[in-house]
4 protein chains.
Amino acid sequence: MNGSSFGNYFKITTFGESHGAALGVIADGVPAGIPLSTEYIQTFLDRRKPGQNIYSTPRKESDLVEILSGVFEGKTTGTSVALLIRNESQRSADYSEIASYYRPGHADFTFDAKYGFRDYRGGGRSSGRETAARVAAGAVACALLDELGIKVCAYAKSIHNHICFDTKDYLAEHYSIEELVSMRDKSPLNMPDAEASARSEEFLNRMRKDLNSVGGTIECVLHGLPAGLGDPVFEKFDARLAHAMLSIGAVKGFEIGSGFGAALLTGTEQNDPFYTDEDGTVKKRTNRAGGVLGGMTDGSDVLFRVAVKPTPSVNAPQETVKKDGSSYTARVTGRHDPIIVSRAVVVVECMAALTAADALLGNLGSKLDHLKKIYTPEL
Amino acid sequence: MNGSSFGNYFKITTFGESHGAALGVIADGVPAGIPLSTEYIQTFLDRRKPGQNIYSTPRKESDLVEILSGVFEGKTTGTSVALLIRNESQRSADYSEIASYYRPGHADFTFDAKYGFRDYRGGGRSSGRETAARVAAGAVACALLDELGIKVCAYAKSIHNHICFDTKDYLAEHYSIEELVSMRDKSPLNMPDAEASARSEEFLNRMRKDLNSVGGTIECVLHGLPAGLGDPVFEKFDARLAHAMLSIGAVKGFEIGSGFGAALLTGTEQNDPFYTDEDGTVKKRTNRAGGVLGGMTDGSDVLFRVAVKPTPSVNAPQETVKKDGSSYTARVTGRHDPIIVSRAVVVVECMAALTAADALLGNLGSKLDHLKKIYTPEL
Amino acid sequence: MNGSSFGNYFKITTFGESHGAALGVIADGVPAGIPLSTEYIQTFLDRRKPGQNIYSTPRKESDLVEILSGVFEGKTTGTSVALLIRNESQRSADYSEIASYYRPGHADFTFDAKYGFRDYRGGGRSSGRETAARVAAGAVACALLDELGIKVCAYAKSIHNHICFDTKDYLAEHYSIEELVSMRDKSPLNMPDAEASARSEEFLNRMRKDLNSVGGTIECVLHGLPAGLGDPVFEKFDARLAHAMLSIGAVKGFEIGSGFGAALLTGTEQNDPFYTDEDGTVKKRTNRAGGVLGGMTDGSDVLFRVAVKPTPSVNAPQETVKKDGSSYTARVTGRHDPIIVSRAVVVVECMAALTAADALLGNLGSKLDHLKKIYTPEL
Amino acid sequence: MNGSSFGNYFKITTFGESHGAALGVIADGVPAGIPLSTEYIQTFLDRRKPGQNIYSTPRKESDLVEILSGVFEGKTTGTSVALLIRNESQRSADYSEIASYYRPGHADFTFDAKYGFRDYRGGGRSSGRETAARVAAGAVACALLDELGIKVCAYAKSIHNHICFDTKDYLAEHYSIEELVSMRDKSPLNMPDAEASARSEEFLNRMRKDLNSVGGTIECVLHGLPAGLGDPVFEKFDARLAHAMLSIGAVKGFEIGSGFGAALLTGTEQNDPFYTDEDGTVKKRTNRAGGVLGGMTDGSDVLFRVAVKPTPSVNAPQETVKKDGSSYTARVTGRHDPIIVSRAVVVVECMAALTAADALLGNLGSKLDHLKKIYTPEL
């Protein structure tokens with residue numbers, strides 16, 4: 001099964017294992033003429049890079065990106081853009097122990113079940129390191145969104161039971177995207193609420209001493225999307241977003257707008273009233289829909305949340321089995337994050353950007369008028 | 001954008017508007033040799049059919065299915081299976097009012113934004129009626145799962161704050177699929193808990209008097225799936241499931257296993273310990289993963305939940321605007337369900353079956369051994 | 001394998017067997033706002049319809065099309081367009097003989113090899129009747145091309161060794177599309193050369209007496225395509241055309257521009273010189289490229305040819321085997337065309353139109369400028 | 001448009017320009033457990049490598065391949081296989097002249113038309129150098145075919161009017177694949193006929209002096225394919241092959257079996273009689289079908305031919321225009337092959353192998369029996 005691609009129009013295909021030679025991605029269907037540089041992409045990778053503080057794995061990777069194709073004289077050419085990130089930290093560890101048993105919460109068992117054997121070096125293809133390729137690709141998507149005035153911002157909404165700022169109706173309506181980014185970037189945990197971030201740090205320090213890890217949630221806002229993106233049936237914008245998010249290793253849930261809260265609302269509470277603003281634009285008074293109606297963007301902010309499970313690699317002893325079926329007590333050692341949430345923030349942002357870029361391209365053919373604008377401008 | 005298809009291998013493509021001539025589906029990639037009859041498919045459609053009790057729309061549709069192709073002498077032939085459901089209830093209503101304004105919570109506005117105009121007769125392509133085609137297709141998927149001993153069961157887990165049986169760790173571990181089906185089928189609301197169902201009915205009767213509607217959640221179990229379905233990166237089994245679920249009109253959230261609850265757990269709490277049972281099979285002591293590890297099924301039950309918003313069509317007055325931008329107070333009349341949850345149960349089941357059928361086909365090529373078994377059996 | 005779809009953007013999915021209930025197609029990704037009616041589609045189907053003269057099968061089918069979805073108030077809505085053609089001529093023949101042996105030149109043997117059994121009634125899914133669905137879909141594509149001023153015309157270029165008008169450099173350069181259509185429509189064999197058509201008719205009458213059939217070639221011109229359609233690598237415009245053409249049952253070869261003749265040319269003979277015309281438009285002095293350079297249309301006519309094999313159903317005795325392996329002498333009786341070429345002309349035209357419509361949509365995202373024109377028109 | 005991918009199941013995605021940093025490919029959907037090494041892949045690349053004799057460009061490229069992912073302990077892991085080939089010969093030439101005008105027979109004009117600008121260094125993405133990535137990918141496909149006992153062999157069938165050995169009914173029926181390979185590898189032009197090869201060499205030497213180039217044809221045989229590959233409608237095995245072949249830069253035509261010759265045959269001449277051999281296997285007396293009936297392989301050799309145009313880069317003066325529309329006389333200098341045919345032989349072979357690998361995977365789900373063999377072996 002060829003499951004390393006995402007997107008129907010702006011399509012990315014990734015490769016790479018945590019301890020192989022390199023990771024990378026081909027982004028195909030990228031429109032020509034978008035300004036793109038290694039420096040721009042590197043700023044995204046640097047946000048994901050390990051070892052930035054005590055809350056992330058001390059594994060040393062500079063994650064330098066090289067553009068191999070598809071960019072000429074500073075702009076995308078319209079042909080496939082290939083990006084390469086060499087692995088540096090391939091230390092010749094002794095993997096014989098990890099190769100012999102199934103780590104709980106990991107994909108060791110399912111890899112063996114599917115493929116008959118596995119690359120047991122540090123998670124192989126199912127390592128969180130795989131997301132570096134997504135982030136590189138997401139940067140290309142963001143370069144396109146930039147040109148169209150569209151902004152994306154994700155942040156840690158909660159770490160365990162420490163939750164960011166009060167929200168009403170599940171919305172981040174009190175802050176602009178610029179404010180959220182600024183607040184988030186002050187926190188080592190990507191939490192745009194100083195007080196909640198401080199409490200979370202304290203809690204995480206305790207967890208690290210207990211050799212344990214914790215989960216949390218990430219919230220993301222897409223601002224400036226035109227109305228009409230997404231398709232009414234199977235390729236709904238939110239269905240694609242859910243797909244994108246659940247494809248991230250540790251994500252266990254997705255909700256848009258009021259989300260699971262909608263299960264506790266009545267119709268009159270859930271429905272967002274329409275009104276016309278002073279410029280004559282149709283707007284909604286609230287955004288319980290999360291910016292998507294009938295699977296298509298409605299012009300307001302797209303707002304969604306994902307649930308992130310705790311890092312499965314914990315030092316505490318855990319019951320498991322070896323490949324031969326005998327029982328075994330595992331203590332996963334090595335360089336692991338005590339929490340996935342904070343480093344996953346840029347991954348969520350990039351997958352959202354890729355979903356948006358894909359939908360923007362997919363929507364170009366929605367009506368004959370669009371084709372006439374491109375092909376028969378004089379008529 | 002061609003968004004009316006779902007599935008990469010077992011691929012369905014649907015068509016049809018709520019008040020057009022017909023709805024239907026082509027299921028392509030269906031293996032040859034599966035027993036299939038109109039009677040079998042009809043049992044699925046009958047579960048979705050409107051007008052079965054006071055909690056569903058009184059619109060009269062017998063939803064009779066016709067097999068147009070792909071079945072010969074009672075078995076699928078391997079070529080595309082086309083299924084047709086004629087619309088009966090196309091009464092020549094006066095749609096001039098509904099055509100003129102945007103119903104809150106509906107796709108009227110976004111359809112106009114995307115396509116320039118819309119089929120305003122009762123929701124057109126974005127009507128819940130569209131799901132009849134999914135259910136017909138899902139029946140074909142279930143016919144395949146039957147042959148492989150795989151079972152699917154969805155049920156209403158909650159209606160507003162009335163929640164079914166107590167669950168531990170978000171799992172339905174105390175009941176077998178057969179028990180769940182039996183309990184569910186006794187409830188007019190598809191709620192496998194007599195007491196919760198009774199309370200929900202009472203609550204719904206009140207809501208109907210208030211001209212309002214309510215939301216809820218649906219839980220679904222897939223039992224008997226082999227380990228290894230799904231792909232490690234973008235086509236994770238749970239990512240496909242999330243896509244499938246969010247593609248259903250009223251669904252606002254998806255979670256698998258511990259789901260959003262995982263955000264409040266530690267690593268040692270979330271990880272499911274492995275053990276070997278008396279038959280030598282590797283199993284998990286708990287199922288907080290929800291049957292999927294690293295995007296691939298692990299052989300245990302796949303268990304997930306979706307959040308369903310309240311029916312957006314409510315009789316209560318709502319603020320909105322007309323196409324010309326002038327303000328308008330809408331009271332949506334007509335034949336509407338006071339709750340979507342109960343009728344959506346079979347839709348969730350069918351989309352889950354389609355996801356599983358697709359993954360079963362997609363996994364056939366996972367290893368060389370499979371190809372040798374098929375192509376060089378003598379070696 | 002789901003092989004009943006064609007197109008990446010303007011995507012069609014067909015169904016139907018020669019003796020099943022119906023044939024049909026879903027066209028998905030059709031832009032909203034294209035005028036479309038049953039009458040328009042019917043004109044295409046009528047050109048393919050059997051029984052129009054003595055050179056086509058006397059099987060009686062009126063091939064009436066019904067639009068089931070995707071059209072509202074005379075225009076496409078942007079959602080999936082479903083078209084239905086009921087089979088009328090399902091006479092309850094005795095198929096026991098044909099079911100028992102493999103007809104030479106037919107797919108009986110390969111169907112059994114692939115699927116384990118087959119719908120043996122008149123060819124099932126591999127019958128030429130399958131092309132009715134393609135023609136219906138092609139009409140939708142032509143409705144789009146019409147709006148953009150693009151024209152398609154195919155015709156019988158040769159029947160056996162009777163060849164239409166002299167061509168230089170393998171091009172139909174002496175006639176306009178309008179002239180070709182007018183000349184073609186005067187011939188019962190769709191041959192735009194009265195003299196060659198008369199000779200072919202005489203030859204065919206002889207063949208019919210001999211209980212035999214003959215092959216020929218079809219040539220097709222696409223006029224008015226903008227430059228830049230198609231992609232530089234695997235989705236070259238001519239690669240997609242070749243795919244489209246070889247997907248037609250009896251087609252055994254495809255060539256574009258000078259085609260196989262290019263194998264006998266030198267570089268200076270094959271290369272088309274560029275010049276600038278009086279309007280400042282870059283043009284080519286010749287068209288040995290056939291309108292495609294590097295896989296992308298160059299703004300000149302796209303011109304290609306296909307080879308069509310003789311009808312495999314012949315009355316003359318042929319050596320073959322039964323399913324049990326015993327030898328058998330087949331004489332295929334029934335209602336068959338003595339030549340496929342003439343009725344396939346409209347099929348070639350429709351597959352070319354579908355390829356062009358798909359490429360027009362696929363090219364919308366080729367450059368950032370296109371996206372800015374659609375999404376940020378004010379900038 | 002994302003046109004850098006080929007294959008539905010065994011899917012490759014390529015990148016790279018002739019004068020960029022590197023070329024490469026991701027092969028996704030490759031079954032786990034296939035032996036694969038850089039040495040194996042290198043043997044394929046060495047066959048395509050420039051500078052092997054006076055009939056190919058003197059450009060110096062060692063075309064060394066690096067496996068970046070998807071292979072562990074000498075076997076494919078089932079996840080995406082990435083292959084990298086660094087460009088060495090990126091000499092800092094002065095491209096200002098070539099950037100200013102449109103080379104006849106090249107994609108310069110169409111690139112500008114599609115994307116607004118182009119990478120003018122030596123052809124960029126439309127350079128023949130792009131095929132190195134196809135060959136690397138094709139080697140992976142061949143590694144799979146090897147395991148299943150399937151062989152592919154292509155060779156130069158004609159160079160200008162110098163044609164290899166006499167064939168009857170357009171078939172290479174007198175030689176085994178091993179003989180063809182052995183005869184071919186003795187010729188610097190990949191022509192398996194010593195006499196024709198000698199005449200072609202003499203002819204080419206003359207052409208090089210005339211600063212001109214020539215075309216020819218390539219024939220290819222696929223041996224050992226199981227019956228039933230390909231799909232009856234749009235994904236016919238030969239339609240996929242035609243797509244694959246026309247996607248190669250210089251290919252202008254494709255024919256299978258009797259091909260264009262079928263246009264001159266009668267039904268009784270074209271149809272291949274079936275018989276049962278001594279082992280009870282159903283076989284065909286002739287192979288005018290070219291190994292494909294109704295779009296599905298019939299178990300006999302698949303045999304097809306492609307037409308290859310002359311190298312468009314010729315030193316002889318040619319009429320053309322500059323970007324500003326002014327007329328210009330071009331003399332394309334630089335390192336060019338006087339003939340494409342010979343170096344394209346391995347490209348044809350690789351694209352055929354990729355098509356076959358894809359069809360083998362696509363056919364796994366053709367019948368329920370296959371699924372039962374994999375998923376319920378005990379039943």
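Overview of the structure.

Reading guide: rules and limits
Residues numbered from 1 in each chain as written. Chains lettered and ligands numbered in written order. Predicted model: local features only at pLDDT ≥ 70, side-chain atom pairs only at ≥ 80, totals over all residues. Heavy atoms only, no water. Helix = DSSP H or I, 4+ residues; strand = E, 2+ residues; numbered from the N terminus. Rg over C-alpha atoms; globule rule 2.2 N^0.38 Å. Buried < 20%, exposed > 50% of the residue type's maximum accessible area, 1.4 Å probe, protein only. Contact = heavy atoms within 4.5 Å. Buried area = accessible area lost by both parts, 1.4 Å probe. Salt bridge = Lys/Arg side-chain N within 4 Å of Asp/Glu carboxyl O. Polar contact = N/O pair within 3.5 Å; in protein donor to acceptor, adjacent residues only side chain to side chain. Least-squares fit on C-alpha atoms with pLDDT ≥ 70 in both. Phe/Tyr/Trp six-rings, centres within 6.5 Å; stacked < 30°, edge-to-face > 60°. Lys NZ or Arg CZ within 6 Å of the ring centre and 35° of its normal. Nonpolar A, V, L, I, M, F, W, Y, C, P; charged D, E, K, R; others polar. Pairing = 2+ DSSP bridges.

1. Digging into the overall build of chain A
Then, in step 1: Of the regular secondary structure elements, chain A holds 10 helices and 18 strands.
Then, in step 2: The C-alpha atoms of chain A give 22 Å as radius of gyration, which agrees with the globular expectation for 379 residues (21 Å, within 12%).
Then, in step 3: A principal-axis box enclosing the C-alpha atoms of chain A has dimensions of 70 × 50 × 35 Å.
Then, in step 4: Counting over 379 residues, chain A shows a buried share of 69%.
Then, in step 5: Considering only intrachain contacts with a sequence separation of at least 6, the fraction spanning at least 24 residues in chain A is 70%.

2. Comments concerning the interface of chain D and chain A
Then, in step 1: Taken together, the contact between chain D and chain A spans 45 residues of the former and 45 residues of the latter.
Then, in step 2: Between chain D and chain A, the buried area comes to about 3,400 Å², and carbon and sulfur atoms account for 56% of it.
Then, in step 3: One can count 2 salt bridges joining chain D with chain A.
Then, in step 4: Note that Glu66 of chain A is salt-bridged to Arg86 of chain D, the shortest N-O span being 2.8 Å.
Then, in step 5: The interface formed by chain D and chain A contains 20 residue pairs in polar contact (both at pLDDT 80 or more).

3. Here's the deal with the relation of the copies chain D and chain A
Then, in step 1: Once chain D has been moved 0.0 Å along the axis and rotated by 180°, it coincides with chain A to within an RMSD of 0.0 Å. This pairing of chains is accounted for by a two-fold axis.
Then, in step 2: Most of the interface of chain D is mirrored in chain A, where 100% of its interface residues are also at the interface.

4. Focus: the packing of aromatic side chains
Then, in step 1: Counted according to the given criterion, the structure contains 48 aromatic pairs over all chains.
Then, in step 2: Geometry around Tyr275 of chain A places Arg285 of chain A over its ring, the cationic atom sitting 4.1 Å from the centre.

5. Observations concerning the interface of chain B and chain A
Interface size is often expressed as the accessible area that is lost when the parts come together.
Then, in step 1: Each partner contributes residues to the interface: chain B has 106 residues there, and chain A has 106 residues.
Then, in step 2: Considering only the surface of chain B that becomes buried against chain A, Met1, Phe234 and Lys252 of chain B emerge as the three largest contributors, covering 11% of it.
Then, in step 3: If you look at where chain B meets chain A, you find 2 salt bridges.
Then, in step 4: For the salt bridge of Glu319 of chain A with Arg285 of chain B, the shortest nitrogen-to-oxygen distance reads 2.9 Å.
Then, in step 5: Remark: the boundary between chain B and chain A carries 47 residue pairs in polar contact (both at pLDDT 80 or more).
Then, in step 6: Partitioning the side of chain B that touches chain A into residue classes produces 47 nonpolar, 39 polar and 20 charged.

6. With respect to the environment of Cys142 of chain D
Residue and element names in this part refer to chain D.
Then, in step 1: Counting through the fold element by element, Cys142 comes out in helix α4 (residues 131–147).
Then, in step 2: Using a relative accessible area of 7% as the deciding quantity, one classes Cys142 as buried.
Then, in step 3: Contacts of Cys142, omitting those with residues within four sequence positions, involve Tyr40, Phe44 and Ala353.

7. Observations regarding the pairing of strand β3 (residues 22–28) of chain A
All names here are of chain A.
Then, in step 1: With respect to burial, β3 is a largely interior element, 7 of its 7 residues being buried.
Then, in step 2: With 5 bridges joining them, strand β2 (residues 11–15) and β3 adopt antiparallel strand pairing. By the bridge assignment for β3, Thr14 is matched with Val25.
Then, in step 3: Taking the residues that link successive antiparallel strands as the turn, the β2-β3 hairpin has 6 residues, and the phi of Gly16 there is positive, at about 120°.

8. What about the pattern of salt bridges?
Then, in step 1: For the coordinates displayed, the defined rule picks out 99 salt bridges over all chains.
Then, in step 2: Between Asp277 of chain A and Lys283 of chain A there is a salt bridge, with the nearest N and O atoms lying 3.1 Å from each other.
Then, in step 3: By relative accessible area, Asp277 of chain A is classed as buried at 9%.
Then, in step 4: Here Asp46 of chain D and Lys49 of chain D are joined by a salt bridge, their closest N and O atoms 3.9 Å apart.
Then, in step 5: Overall, the relative accessible area of 24% leaves Lys49 of chain D in the partly exposed class.

9. Here's the deal with the environment of Leu36 of chain B
Residues and elements named next belong to chain B.
Then, in step 1: Considering the arrangement of structural elements, one finds Leu36 in the loop between β3 (22–28) and α1 (38–48).
Then, in step 2: Relative accessible area serves as the criterion here: at 5%, Leu36 is assigned to the buried category.
Then, in step 3: Taking the C-alpha atoms as reference points, Leu36 and Phe304, separated by 268 residues in sequence, lie 28 Å from one another.
Then, in step 4: Every residue in contact with Leu36, bar those within four places of it in the chain, is listed here: Ile41, Val71, Gly74, Lys75, Thr76, Val81, Val140 and Ala143.

10. As for the sheet that holds β3 of chain B
All names here are of chain B.
Then, in step 1: Across the sheet, 5 strands lie side by side as β1-β2-β3-β7-β4; this open sheet has antiparallel pairing. Edge positions in the open sheet fall to β1 (5–6) and β4 (65–69), since each of these has one partner strand only.
Then, in step 2: Pairing of β1 with strand β2 (residues 11–15), which is carried by 2 bridges, proceeds in the antiparallel orientation. In the strand pairing of β2, Ser5 is matched with Thr13.

11. Overview of the relation of the copies chain B and chain A
Then, in step 1: For these two chains of identical sequence, chain B goes onto chain A by a turn of 180° and a shift of 0.0 Å along the axis, with RMSD 0.0 Å.
Then, in step 2: Of all interface residues in chain B, 100% are interface residues in chain A too; the two copies therefore contact each other through one and the same surface.

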